[in-house]
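# An overview of the molecular structure
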Amino acid sequence: MAARLRDWHRDSGRHDLPWQRQGPYATWVSEIMLQQTQVAVVIPYYLRFMESFPSVTALAEAPQDQVLAHWAGLGYYARARNLHQAAQQIVSLFDGEIPQSLDSLMTLKGIGRSTAGAIRSLGWGLRGVIQDGNVRRVLARLHAIAGDLQTSSQQHVLWELAEYYTPALGEHAATHTQAMMDLGATVCKRTHPRCSDCPFHADCQAHQQGLTDYLPTPKKVKKRPSVEWFVLGLRDINNRIWCYPQA
DNA sequence: TAAGCGTGGTT
DNA sequence: TAACCAAGCTT
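Residues numbered from 1 in each chain as written. Chains lettered and ligands numbered in written order. Predicted model: local features only at pLDDT ≥ 70, side-chain atom pairs only at ≥ 80, totals over all residues. Heavy atoms only, no water.

What follows deals with the overall build of chain A. When helices and strands are counted, chain A shows twelve helices and two strands. Structurally, chain A occupies a C-alpha span of about 60 × 45 × 30 Å along its principal axes. Out of the 247 residues in chain A, the part that is buried amounts to 47%. (Helix = DSSP H or I, 4+ residues; strand = E, 2+ residues; numbered from the N terminus. Buried < 20%, exposed > 50% of the residue type's maximum accessible area, 1.4 Å probe, protein only.)

What the domain assignment reports for chain A is domain 1 (1-12 + 127-215 + 223-247) and domain 2 (24-123). Each of domain 1 and domain 2 has a C-alpha centre, and the two are 28 Å apart. The junction of domain 1 with domain 2 conceals about 770 Å² of combined surface from both sides, 57% of it contributed by carbon and sulfur atoms. Inspection of the region where domain 1 meets domain 2 yields one salt bridge. Between R113 and E163 there is a salt bridge; the shortest N-O distance is 3.8 Å. Across the domain 1-domain 2 interface, the total number found is three residue pairs in polar contact (both at pLDDT 80 or more). Those elements that place two or more of their residues in the side of domain 1 that touches domain 2 are α10 (152-165) and α11 (173-186). By residue number, the principal contributor to the side of domain 1 that touches domain 2 is α11, which donates five residues. Classifying every residue of the side of domain 1 that touches domain 2 by side-chain character gives six nonpolar, four polar and three charged. (Domains from an automatic or database assignment. Buried area = accessible area lost by both parts, 1.4 Å probe. Salt bridge = Lys/Arg side-chain N within 4 Å of Asp/Glu carboxyl O. Polar contact = N/O pair within 3.5 Å; in protein donor to acceptor, adjacent residues only side chain to side chain. Nonpolar A, V, L, I, M, F, W, Y, C, P; charged D, E, K, R; others polar.)

Summed over the entire model, instances satisfying the criterion amount to five aromatic pairs. With centroids separated by 5.3 Å and ring planes inclined at 80°, the aromatic side chains of W19 and Y46 adopt a geometry described as edge-to-face. On the criterion of sequence distance, the pair formed by W19 in the loop between α1 (2-12) and α2 (24-33) and Y46 in helix α3 (residues 39-52) is long-range, its members being 27 residues apart. On the accessibility criterion, W19 (8% relative accessible area) is buried. A residue is classified by how much of its surface remains accessible, and Y46, at 4% relative accessible area, is buried. Taken together, the ring pairs in this structure connect F49, F53 and W71 into an aromatic cluster. In this arrangement the basic side chain of R48 is found over the ring face of Y45, its NZ or CZ atom lying 4.9 Å from the centre. Here the guanidinium or amino end of R113 rests over the ring plane of W159, the centre of that ring lying 3.8 Å away. (Phe/Tyr/Trp six-rings, centres within 6.5 Å; stacked < 30°, edge-to-face > 60°. Lys NZ or Arg CZ within 6 Å of the ring centre and 35° of its normal.)

Among the structural elements, Q178 can be located in helix α11. Taking the relative accessible area as the measure of exposure, Q178 reaches 9% and is therefore buried. Setting aside its immediate chain neighbours within four residues, Q178 contacts H9, R14, L17, Q20 and L122. (Contact = heavy atoms within 4.5 Å.)

In this section: the protein's contact with DNA strand B. Around DNA strand B, the neighbouring residues are Q36, T37, Q38, G73, L74, G75, Y76, Y77, A78, S152 and T191. One of the backbone nitrogen or oxygen atoms of G73 is found 3.4 Å away from a sugar or linking oxygen of DNA strand B. Between DNA strand B and the protein, one listed contact pairs a base oxygen with a side-chain N or O atom of Y76 at 2.4 Å. Of the residues assigned to the surface near DNA strand B, the class counts are four nonpolar, seven polar and no charged. (Near = heavy atom within 4 Å.)

The residue after L215, namely P216, is reached through a cis peptide bond having omega -5°. Mapping P216 onto the fold places it in the loop between α12 (205-208) and β1 (228-235). Of note in this structure, Y76 is not a glycine but carries a positive phi near 45°. If you trace the backbone, Y76 turns up in the loop between α5 (64-71) and α6 (78-93). At H192, a residue that is not glycine, the phi angle is positive and equals roughly 50°.

Any two side chains of opposite charge can pair, on the condition that their charged atoms come close. Scanning the model with the defined rule gives seven salt bridges in all. The shortest N-O distance in the salt bridge between D197 and R194 comes to 2.8 Å. What makes D197 partly exposed here is its relative accessible area of 36%. Connected through shared salt-bridge partners, D7, R10 and D11 make up one network.

On to the nonpolar core, then. L5, L139, I145, L183 and L215 are the most contacted members of the largest nonpolar core, which totals 34 residues. Of all the secondary-structure elements, those providing two or more residues to this core are α1, α8 (113-123), α9 (133-142), α10 and α11. Among the elements that take part in this core, α10 stands out by supplying six residues, more than any other. Within the second largest apolar cluster, 33 residues are counted, among which are L17, A26, W71 and L105. (Core = buried A, V, L, I, M, F, W, Y, C linked by side-chain atoms within 4.5 Å.)

Structural data, given as structure tokens:
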């Protein structure tokens, strides 16, 4: 599976985003900005930020209001405060070098399991596992998993699947991580997925069962006065059946 | 465990 | 056009 994904990525992946192949600092800054924020929105903010704060040290030494000024309009401003604090953590506790271990990365403000995995793989070229919206959607469809993907039981399974599909070789780390996100962003899209272009369409449970339009299931079902409920027999990881409203 | 965080894009 | 969502994390 991983080898097929790499072949797809070589020909059809995104290779020209400004934070790619620029080292762990660029990966870190971009990953924080990209949390719950779309790529096209981030790009101009990212370019201005890196121009003003080109290194961990430069960021750590900058006054906080200057850092926040670069974030104005991006939203989730705690990300900027945490990013600034984490840069100071790196200077004081890690000799100014972004750490490589998952545990060390996760001690830094604003870095959780997924961002730590992204920094390991995309930034350092080490094996790292991520779990963003793209990966969740790809895995939920591949294994036909219905229900709220954020609950702990579903998260547990999704992380195990993400671990399973991630190759052991660090040599392929960055490519695999980028490829999973690119597949979700450009092929396995929430609406109108391009299944015929997907390297996994023959293995995908959702595609095989004609469920791509119903997976992943929406967080909340839109409230409408009268809904004809149509049971599709979608099941979550606990084998609970989920229904979907038909218009 | 669930709520809160922000703005902008898409359906 | 209101709902839903976007490279999640913290408390």
